Amino acid sequence: MPRLPRISGQEAIRTLERMGFIQVRQTGSHVVLKRQTEDGEIVCVVPLRRELKVGTLSGVLKQAQVTPEEFINNL
């Protein structure tokens, strides 16, 4: 598994949008993204921080059902 980069919440949102997610709403400093699949809907929440911790980014990717390799390739 490759090392996850230190990126901001905004960069993570842009990358997930490139992967087909759509920004649905924002509550305070958290942005909710959704993507439709044949199995249903995938929802993930990204906090807007200057720098996301590696564990936080890992949790976002698990919610989004995206592998770290896919994410890094779309950065």
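In case you missed it, the structure is sitting above this.
Residues numbered from 1 in each chain as written. Predicted model: local features only at pLDDT ≥ 70, side-chain atom pairs only at ≥ 80, totals over all residues. Heavy atoms only, no water.

Overview of the pairing of strand β2 (residues 30-37)
Next, step 1: With five bridges joining them, strand β1 (residues 22-27) and β2 adopt antiparallel strand pairing. Looking at β2, one finds that Gln23 is bridged to Leu33.
Next, step 2: Taking the residues between adjacent antiparallel strands as the criterion, β1 and β2 are bridged by two residues, where Gly28 takes a positive phi near 65°.
Next, step 3: Here β2 runs beside strand β3 (residues 40-47); their pairing, made up of eight bridges, is antiparallel. Looking at β3, one finds that Arg35 is bridged to Ile42.
Next, step 4: The antiparallel pairing of β2 with β3 creates a hairpin that spans two residues between the two strands. (Pairing = 2+ DSSP bridges. Helix = DSSP H or I, 4+ residues; strand = E, 2+ residues; numbered from the N terminus.)

Some remarks on the sheet that holds β2
Next, step 1: Strand order in the open sheet formed by three strands is β1-β2-β3, with antiparallel pairing between adjacent strands. Each of the sheet's edge strands pairs with one partner strand only, and the pair in question is β1 and β3. Strand-to-strand twist in this sheet, taken as the mean axis angle between neighbours without regard to direction, amounts to 25°.
Next, step 2: Taken strand by strand, helix α2 (residues 54-64) contacts β2 and β3, and its axis lies near 165° from that of β3. (Axes fitted to C-alpha atoms, helices over the stretch in contact; angles between N-to-C directions. Contact = heavy atoms within 4.5 Å.)

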